[in-house]
Amino acid sequence: MADAFRTADGGALIDRSRPVSFTLNGKTYRGYAGDTLASALIANGVHFVGRSFKYHRPRGFVASGVEEPNALFGTGVGPRFEPNQRGTMVELYEGLTAKTQNHFPSLEYDIGSVNAMMSRFFPAGFYYKTFIQPRVAWKHVFEPFIRQAAGLGKAPTEADDAEYEHFHYMCDVLVSGGGVAGILAALTAARAGARVMLVEQNAWLGGRAIVDEGEVDGQPLGDWVRARIAELEAMPNVLIRTRTQASCHEDHNYVLCYERVSDHDPDLYGGGPRHRLWRVRAGRVIAAGGGIERPIAFAKNDVPGVMLAAAMRDYLKLYAAKPGDRVVVYANNDDAYRTAIDLRNAGVEVPAILDAREGSNGDLPQIAREMGMRTMFGSGVSKTLGRKRVEGVEITELRPSGRPGALETVACDAVAMSGGWNPVVHLYSHSGGKLSWDDDQLMFRPDPSRSPIRHDGAPAVVCAGTASGHLALSDVITDGVKAGVEAADALGFETSGADAPAAKSAREDGISAIWFTPSSGKLSVGNKHFLDFQNDVTAADVELAAREGYESVEHTKRYTTLGMATDQGKLSNINGLAILADALRKPIPAVGTTTFRPPYTPISFGSIAGRETRELFKVVRKTPMHDWLAAHGADWEPVGDWRRPYCIRKDGEDRHQAVEREILTAREKVGMLDASTLGKIIVKGPDAGAFLDLLYTNMISTLKPGRCRYALMCNDNGFLFDDGVVARLDEQTFLCHTTSGGADRVHAWMEEWIQTEWPHLKVFTANVTEEYAQIAVAGPKARVVLESLEGDVDLSTDGLPFMSYVDGTLAGCPVRVYRISFSGELSYEIATPAAFGLSLWKAIFEAGQPFGITPYGTEALHVMRAEKGFIMIGDETDGTVTPHDLNLSWAVSKKKTDFIGKKAMERPFLIDPDRKRLVGLLTENPEDVLPDGAHAVEGERPNGKAKMIGHVTSTYYSPTLKRSIAMALIRRGPERMGETLTFPLGGDRTLRAKVVEPTFYDPENARQNV
Amino acid sequence: MLLLTCPYCGVTAEETEFHPGGQAHIERKAGTEHSDAEFEEYLFLRNNPKGVHLERWRHQYGCGKWFNVARDTRTLEVYGSYEIEAKEPPQEIKDRIAQRLAETGLPEKTVN
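Residues numbered from 1 in each chain as written. Chains lettered and ligands numbered in written order. Predicted model: local features only at pLDDT ≥ 70, side-chain atom pairs only at ≥ 80, totals over all residues. Heavy atoms only, no water.

Before going further, it helps to spend a moment on the environment of Val328(A). All names here are of chain A. Tracing the chain through its elements places Val328 in strand β18 (residues 327–331). Owing to a relative accessible area of 0%, Val328 belongs among the buried residues under this scheme. Along the sequence, Val328 and Gly359 sit 31 residues apart, while their C-alpha atoms lie 18 Å from each other. Apart from residues lying up to four places away in sequence, Val328 is in contact with Pro351, Ala352, Leu354, Val393, Val410, Cys412, Ala414, Val415 and Ala416. (Helix = DSSP H or I, 4+ residues; strand = E, 2+ residues; numbered from the N terminus. Buried < 20%, exposed > 50% of the residue type's maximum accessible area, 1.4 Å probe, protein only. Contact = heavy atoms within 4.5 Å.)

Structural data, given as structure tokens:
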């Protein structure tokens, strides 16, 4: 029978004119628009909707909101499938597909439930105690077992096709929570003129005012709050967002709000983002997130049908869904009587109200008695009966001795429990707000004197209403207005005349503590007082942790996994620490809470990524020649944020063939390289030379205009981090080339020293990397190719000697031609303004055709520089290598009194002759190429293992030399010339290589000096 | 995410617009006249106070200037920003710090 548990009328949120059908595990059910998946299932009488994580026990709905620990579903299909969705937050739509989780082969019959029978062997800390020995069992026994058992739900198998986005927003006052307090705080601040944003995680505003009775200014509470909402909605300075949760409160009132834009309506899919992350910076934050009801620990309190009392009221009043036909209420406060009264009014039997207190003089118990309900003070539920659904409860007298005494058994199909309320203090606590213990109301509540603070030291967050520890309607209203006044006043808005309206609600008597209800019977009953439903942590587990010495609440949490599930202990933490405090014989505030970490509930990865996915994941920097290279077969690799061609492949070539062809062509004829990515920084001013003398290890100030010098840059630890050619453009101007990936870092490095250490130096810097395209033309035919272009540049041996440059025009482009070489060939690097880059590139390519020119990529560049023994930053250097280690002492000035790294290089460790130094390696078999990073070994260490004496830094097959070559850093390397070193490669494989000078090709530099 | 103010261009902006530069007012003791101990102190030894930290920031994605900030590592309160060439915080910032230290009872020595 469909909708058997739907009441004939009522249900503030459902639209009975719009029936909706949906499926759970393939079975079709009916609900209404406005239902949640949870309310629709409850209306259909379905409570058993999942199995617990550890013991695979049957579980049902406990709550009605974000705190729900049990009712997790996989929803949607294909790319829109998402696991671990709380059924209480999934809004129903036509065709919704949901699946239950954590069972095999089916919800009804589950193999994992044997864990429950074995539960006495799975105590707290089970993993730590069990999976220790034997060590060999880890790989094949323990780890597969743990992996199989770990995790809730199933990961989606298809890529998410939805879009996500970020919004940046600033407001005076951000109000989190659209209940009575939040609405009044927002209204008060907005009426004073503040720019207000109000966010509410549910799809509707009004909070408990829509559910519970009361009277404000002579109007029924619900009508009154709807009028306030309408006023807010009409205000131009107020932004209201429902389905939006203030998830994270970060430093200085930076708040991340998570908006579920289209989850509730597939018709909205594709028309905009699925989720939106609001990055809000607020003047003041008002935390009005309300409260969360506490469960009570009694034996088998996890059987489907046991629910929070207020959640039952929500289902009844918001969705007209009855939680059962016969409900026993178990509580320690007056508020839970509202549930009993509402249930009775809806035609549900309430056979007993068990109240742990000795009595109550409140209005609500009085009404319940007048309605004829049986109220039993000083009693509680000692255990439930039934397995997949509550069939009854055993009632016990709560004696001072603590020993239970079974009074009677009462049949029922649901239990409403209420152990009091916890204010939602998460947002307030995320960035350091402190709490204090309220011994009257038995709750941790925000301590307004210890709020998190803004950048200027003023309080950042004001709590309001139940989130601040106020439970009575009139207090909530007063506090909401007060928070609005406080926030607006602090920001300089005028709030005079903002008075709280007069409210009337039932007078309530106080709460008394009931953290644990004793039970009798077998041990397997005694250890089933669940605290954390999702992670299956019981009161016995927490007590065991205390006995085993876990006194800190943070340690107990990790040992027992209490509060570590996806609900982050919203229901369990306070109960757990109360039981821990009892076991440790300490007061609750002395035990304290665990840390409240953002986000408040899980938020989607998509919302965090926003639009920064796929092609927008990372910006790609492109040179002017990028598209030409792409069209000619560039095989790209990332270099910093740039894309550079690894090689440029012709039809039918593989990478290896292309690289070999490029190298041989450059060596025998001529090649051209897009070197535009090279960093270019202008350093200018009267003190430019003096500054660069401090920055580089070389002497730079002696460089003549028109000349170039290869120079090294170290940090003050003496370690090399960048290199490049410096050209002096005029008396006061230098152009410093950096590595492709290093331009921004070097520019920032220069600025740091100029501004923070040597501000007296008159010098400016400018990073002009992207202003110029640069083309290297290298090979024996380089000169004739360039000479065949129209231009006014003398490229002859004497006209443009090695390590000099000249300005002029080539092929109609303004150029600066450097005679420098990173390949060892006759080589020119030609810089031209970026706008001319492509036309110059094309002109050179055309002019080079008769000479067989080829564009080459980074791999050919690397191989050719290694053939020449030139170092590459990042290959030969790793942040612990000095210029001396790389035989570059010639580039370290001995004349200068100071430069960055000078003093460090004189430290004993850095002049130790035992350091690793650069050498070349030739493998015994010329076809064997050493792997990058391979270690050379020699002798034995005291433990019998091989002693490592160095490692390979660059290694290639050289097409030029037709054999493998490598560079390596080896202890006392230069003293080992001619020695053969051993490189074990794992397994039985070992390579042997001879130590040689690291210049493999043309050591006399005859080829570049022509 | 912190809110910081650049004392040069006057902009108050999100932390992501700035680049952190560690402890402020470190003297570069890297000359021949400096002992190994002084050199070590300059290179490696840094304060890690639970309290007021004087630190350097650069307005990386703004005007590009380096500046100093006095910030409390416990509460993240920013007492103020000041020019990079200053040898210590200006009196106004020192007064603000002193007032807060008096309120919180934090010992003076945690100021670097």
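What follows concerns the sheet that holds strand β5 (residues 72–75) of chain A. Residue and element names in this part refer to chain A. Strand order in this open sheet of five strands is β2-β1-β7-β5-β6, and the pairing throughout is mixed. The open sheet has two edge strands, β2 (27–33) and β6 (82–86), and neither has a second partner. Taken pair by pair, the neighbouring strands of this sheet meet at an average axis angle of 40 degrees, ignoring direction. Where β5 and β6 come together, three bridges link them in antiparallel fashion. Each bridged residue has a counterpart across the sheet, and for Thr75 the counterpart in β6 is Glu82. (Pairing = 2+ DSSP bridges. Axes fitted to C-alpha atoms, helices over the stretch in contact; angles between N-to-C directions.)

Moving on to the pairing of strand β27 (residues 443–446) of chain A. Remark: a regular strand shows side chains that alternate across the two faces of the sheet. Residues and elements named next belong to chain A. In the sheet, strand β26 (residues 435–438) pairs with β27 via four bridges, with the strands oriented antiparallel. Its bridge partner being in β27, Asp438 is matched across the sheet by Met443. Counting the residues that bridge the hairpin from β26 to β27 gives four residues, and of these Leu442 lies at a positive phi of roughly 55 degrees.

Here the focus is the sheet that holds strand β24 (residues 414–418) of chain A. All names here are of chain A. Strand order across the open sheet formed by five strands is β17-β24-β18-β19-β20, with parallel pairing between neighbours. Each edge of the sheet is formed by a strand with only one pairing partner; in this case those strands are β17 (306–308) and β20 (375–377). On average, each strand axis in the sheet is tilted by 20 degrees relative to the strand beside it, whichever way the strands run. Pairing between β17 and β24: three bridges, direction parallel. Bridging from a neighbouring strand, Val306 pairs with Val415 of β24. Set on the sheet, helix α8 (residues 336–345) makes contact with β18, β19 (353–355), β20 and β24; between it and β18 the angle comes to about 165 degrees.

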